[in-house]
Every structure is written in structure tokens, then in C-alpha cells.
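Results of the structural survey
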Amino acid sequence: IWEFIRGNNLEYNSLYDERDMCRVGCIGCPMANKGRYKEFIRWPKYREMYIRSFGKMLEVLKARGANIRWKSAQDVFDWWMQDDNVPGQMSFDDMKWGDTN
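Quick notes on the rules
Residues numbered from 1 in each chain as written. Predicted model: local features only at pLDDT ≥ 70, side-chain atom pairs only at ≥ 80, totals over all residues. Heavy atoms only, no water. Helix = DSSP H or I, 4+ residues; strand = E, 2+ residues; numbered from the N terminus. Buried < 20%, exposed > 50% of the residue type's maximum accessible area, 1.4 Å probe, protein only. Areas by Shrake-Rupley, 256 points an atom, 1.4 Å probe, with all protein chains shown as cover. Salt bridge = Lys/Arg side-chain N within 4 Å of Asp/Glu carboxyl O. Phe/Tyr/Trp six-rings, centres within 6.5 Å; stacked < 30°, edge-to-face > 60°. Contact = heavy atoms within 4.5 Å. Axes fitted to C-alpha atoms, helices over the stretch in contact; angles between N-to-C directions. Left-handed = near helix turned anticlockwise from the far one by under 90°. Nonpolar A, V, L, I, M, F, W, Y, C, P; charged D, E, K, R; others polar.

Moving on: the overall build of the chain. Looking only at helices and strands, the chain has four helices and zero strands in total. Shown N-terminal to C-terminal, the secondary structure of the chain runs as helices and strands in the order α-α-α-α. Counting over 101 residues, the chain shows a buried share of 21%. Accessible area for the chain stands at about 8,500 Å²; split by element, carbon and sulfur atoms hold 54% of it.

Take a look at the structure:
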């Protein structure tokens, strides 16, 4: 891919030129694994926005009478930052790519 990009003098996101940026996507994406920690250090406002959004989510769930396992928006954020799958959650390794059956 990089040979094609450079060989055709195509523009690309300059973040790829940074040594520690091998993946450029959504800030805080679980698919970034441990890279999320670096992203939130580099762009702390996004961390704050995630936590604020999780707080709003909890408010809506409480208003609906949902059974909530988290006590605070920070609890949700801490859960979000875990790299382990939730029990019963499918991982990429569990998927059968190209299987049509």
C-alpha cells in the first residue's frame, strides 16, 4: 500500500509519518488496543468528551429504569479502556472470515 501511495505521490494523513502512529482511526477506538492510552494522552479533550458522553448515557439509562452496573461515567470509561472481552462477547479470533455456511 505504501509503495503505491509513494509511487503515485498520493496525499495521506501526516500522522502516519510519526513513529508511534501505525494506525490512524477513531480516537479511543477499542481496535487500537493499547494505542488508545497514547491517543487520550495526546488529545485529552477527547478523553473528557468520552467521559461526558458516558455520563449522559448513564442518565438516560437511569431515567429508563435500566439495571446499570456502573456507578459513574469514569467507571464506564475504565471499562471501555479494558482490553479484555466482556464475557460472552465475540472476538475477532472467534470469527470465521470468508465462511459462507
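All right, on to the pattern of salt bridges then. Tallied over the entire structure, the rule returns one salt bridge. With a shortest N-O distance of 3.6 Å, E48 and K45 are connected by a salt bridge. With E48 and K45 both in helix α3 (residues 44–63), this residue pair falls three residues apart, about one helical turn. Relative accessible area serves as the criterion here: at 38%, E48 is assigned to the partly exposed category.

A few words on the environment of S72. With respect to the helices and strands, S72 occurs in the loop between α3 and α4 (73–80). C-alpha separation for the pair S72 and L58, spaced 14 residues apart in sequence, amounts to 7.7 Å.

Another point: the packing of aromatic side chains. Counted by the stated rule, this structure contains eight aromatic pairs. With 6.0 Å between their ring centres and 45 degrees between their planes, Y50 and W80 make a pair best called tilted. Placement of the pair is Y50 in helix α3 and W80 in helix α4, with a sequence separation of 30 residues. A network of ring pairs unites the aromatic residues F40, Y50, F54, W70, F77, W79 and W80 as a single cluster.

Bringing the environment of I51 into the picture now. Here I51 is to be found in helix α3. Overall, I51 belongs to the buried group, its relative accessible area being 17%. Between the C-alpha atom of I51 and that of S72, which follows or precedes it by 21 residues, the distance is 9.1 Å. Contacts of I51, omitting those with residues within four sequence positions, involve A73, Q74 and F77.

Between α3 and α4, the shortest axis-to-axis distance is 8 Å and the interhelical angle comes to 115 degrees. Crossing angle aside, the handedness with which α3 passes α4 is right-handed. Where α3 abuts α4, its residues R47, Y50, I51, F54, G55, M57 and L58 lie against A73, Q74, V76, F77 and W80. Each residue belonging to the contact of α3 with α4 can be placed in one class, and the counts come to nine nonpolar, two polar and one charged.

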